[in-house]
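Geometric and topological summary
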Amino acid sequence: GLLGSLMAIALTLIAFTQMPKIVATPVVGFASLAIVLVTLIGRGKLPFRIPGALGAVLVGCAVWYSMMGIDAFWDTGLIPDSGPVAQTRWFPTEWLIAFNFEWLQAMPQTIVYLPYIVPFAITTVIGGIDCAESAASVGDDFNTNTVIGVEAVATILAAICGGVLQTTPYIGHPAYKAMGGRAAYTLATALFVGGAGLIGYFGLVLKWIPEAAMLPILVFIGLEITSQSFHATPRRHYAALAIACIPALAKLVMIYLGQYMPAINYESAVESGAIKQGDMLHLKSQMLQLNVLAGGFIVTSLIWASATAKIIDRRYFSASIYFAIGGMLVLFGFIHSPLVGDRMFLPWQMSDPEVFNAGLKRIVLEFAVAYLVMSILMFAMASTTKEKPIDTDKEYEQLGC
């Protein structure tokens, strides 16, 4: 279940979301991607023992600057408009205002945001556990309590310095290990990124190194996490990994469509005849359904993958418990929240017409009942089946599956 939710993030939100940016400059992006595939995926060697990630960036930059040279002489239009260039601000000091601690006076105002903060915080904790499990899949066993404890302390320190997001271990341990990264790599990353914030050279990096030359490395990270998830999972549980991707795919769709849907004037479209009234209502309904499916997708993926693995192993009572937990989480909006921003809520708030209309209330209750029905069905299977639990892939294959 942990690897399933991690794989869902890696494949959909890390690997896929880079591709539109890569194909925006395909000559550069594909050249860099080719080096990534040869070195980091195919384990090929570059001349002079150049590391694969560095080689990919160097090749991408070489292609980019070659295109710039050609474009300067013949005006071929090979270089696309990259939009506004990030301005370089050396040694910015605005962040020091956090140490005036004026934000302490505004703490009471954060209470209304707890329905957004709590799910996000718990999700990042689950992300930290996912990362520890991912590291274990390639033979590196870290104490999960320590990982989450460091995450908590780092979050508090960051908050005192003005940070507004919870910290979490960065996803992709198997990929970094495959790239040859060790403790020094982590330290170097921290120093480079921290130095960029304190000194202000991010603008120069973005100006000198084309984005398409770097993003294939993130594609590799997504692919490596996905492949390691399959490698560390029994073959009979592959379907459990696959089902974990469904809520993440819904989130992926909403990320892209959500950018444009607020700009669509449905009423004007209906009045002009561009869309029929029935089609508009159907479109709104589908968008709401996708949004509900995507809400809390990491936890949903975790529950679905875990329950599916238990079903495959004929441990129906355990699957029943997972589905029952899912139903309880629905009633708090922790997963499948129909409210804007995946907002969490308390069950008795569903009677408040200012928070829930009849349609939204019906969605919550239907999802809660749906999980309850699945839980009851699994409990019935556990009570009536005479099948022996499955512990190995060989036993699963002997069933003719």
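Notes on the structure in this doc start here.

What counts and how
- Residues numbered from 1 in each chain as written.
- Predicted model: local features only at pLDDT ≥ 70, side-chain atom pairs only at ≥ 80, totals over all residues.
- Heavy atoms only, no water.
- Helix = DSSP H or I, 4+ residues; strand = E, 2+ residues; numbered from the N terminus.
- Contact = heavy atoms within 4.5 Å.
- Axes fitted to C-alpha atoms, helices over the stretch in contact; angles between N-to-C directions.
- Parallel < 35°, antiparallel > 145°, perpendicular 65-115°, else oblique.
- Nonpolar A, V, L, I, M, F, W, Y, C, P; charged D, E, K, R; others polar.
- 1 Å grid on protein atoms, 1.4 Å probe; cavity = no way out; pocket = protein on both sides within 12 Å on 5 of 7 lines; lining within 4 Å.
- Points joined across faces, edges and corners; volume = space filled by probe spheres on them.
- Expected span 1.5 Å × (residues − 1).
- Buried < 20%, exposed > 50% of the residue type's maximum accessible area, 1.4 Å probe, protein only.
- Polar contact = N/O pair within 3.5 Å; in protein donor to acceptor, adjacent residues only side chain to side chain.
- Phe/Tyr/Trp six-rings, centres within 6.5 Å; stacked < 30°, edge-to-face > 60°.

Points about the side chain of Ser137
Residue placement: Ser137 occurs in the loop between α5 (114-136) and α6 (144-160). Ignoring sequence-local partners within four residues, the contact set of Ser137 consists of Pro174, Gln228 and Ala232.

Some remarks on the packing of helix α1 (residues 2-15) against α5
Orientation of α1 relative to α5, taken along the N-to-C sense of each, is 100 degrees, at an axis distance of 9 Å. The pairing of α1 with α5 is recorded here as roughly perpendicular in orientation. On α5, the residues touching Leu2, Leu3, Ser5 and Leu6 of α1 are Ile129, Asp130, Glu133 and Ser134. Classifying every residue of the contact of α1 with α5 by side-chain character gives four nonpolar, two polar and two charged.

Regarding unusual backbone geometry
Trans is the prevailing form of peptide bonds, just as negative phi is the prevailing case for residues other than glycine. You will see that Phe91, though not glycine, has its phi angle at about 45 degrees, which is positive. Its location among the elements puts Phe91 in the loop between α4 (52-74) and α5. Positive phi values are uncommon outside glycine, yet Arg314 reaches one of about 65 degrees.

Focus on the layout of surface pockets
Put simply, the second largest pocket is a space of about 930 Å³. Every residue lining the second largest pocket is counted, 33 residues in all, and those nearest its centre are Phe120, Thr123, Thr124, Phe297 and Ile298. Contributions of two or more residues to the lining of the second largest pocket are made by α1, α5, α11 (238-257) and α14 (297-312). The biggest single contributor to the lining of the second largest pocket is α5, with nine residues.

Comments concerning helix α16 (residues 358-384)
Relative to the 39 Å expected for 27 residues at 1.5 Å per residue, α16 spans 38 Å between its end C-alpha atoms, a close match to the ideal helical length. Within α16, the full set of buried residues consists of Leu360, Ile363, Val364, Ala368, Tyr371, Ser375 and Met378. In this structure Asn357 caps α16, since a side-chain oxygen of it lies 3.0 Å from the backbone nitrogen of Gly359.

Comments concerning the environment of Trp348
With respect to the secondary-structure elements, Trp348 resides in the loop between α15 (316-330) and α16. For Trp348, a relative accessible area of 60% puts it in the exposed group. Remark: the alpha-carbon pair of Trp348 and Phe332, spanning 16 residues in sequence, is separated by 9.4 Å.

Focus on the packing of aromatic side chains
Summed over all chains, the structure comprises nine aromatic pairs. Here Phe317 and Phe379 contribute two aromatic rings whose centre-to-centre distance is 6.2 Å and whose plane-to-plane angle is 55 degrees, an arrangement assigned as tilted. Of this pair, Phe317 sits in helix α15 while Phe379 sits in helix α16; the two residues are 62 residues apart in sequence, bridging distant segments of the chain. Classification of Phe317 as partly exposed rests on a relative accessible area of 45%. Take Phe379: its relative accessible area is 45%, and that puts it in the partly exposed class. An aromatic cluster of three or more residues is present, and its members are Trp95, Phe99, Phe101 and Trp103.

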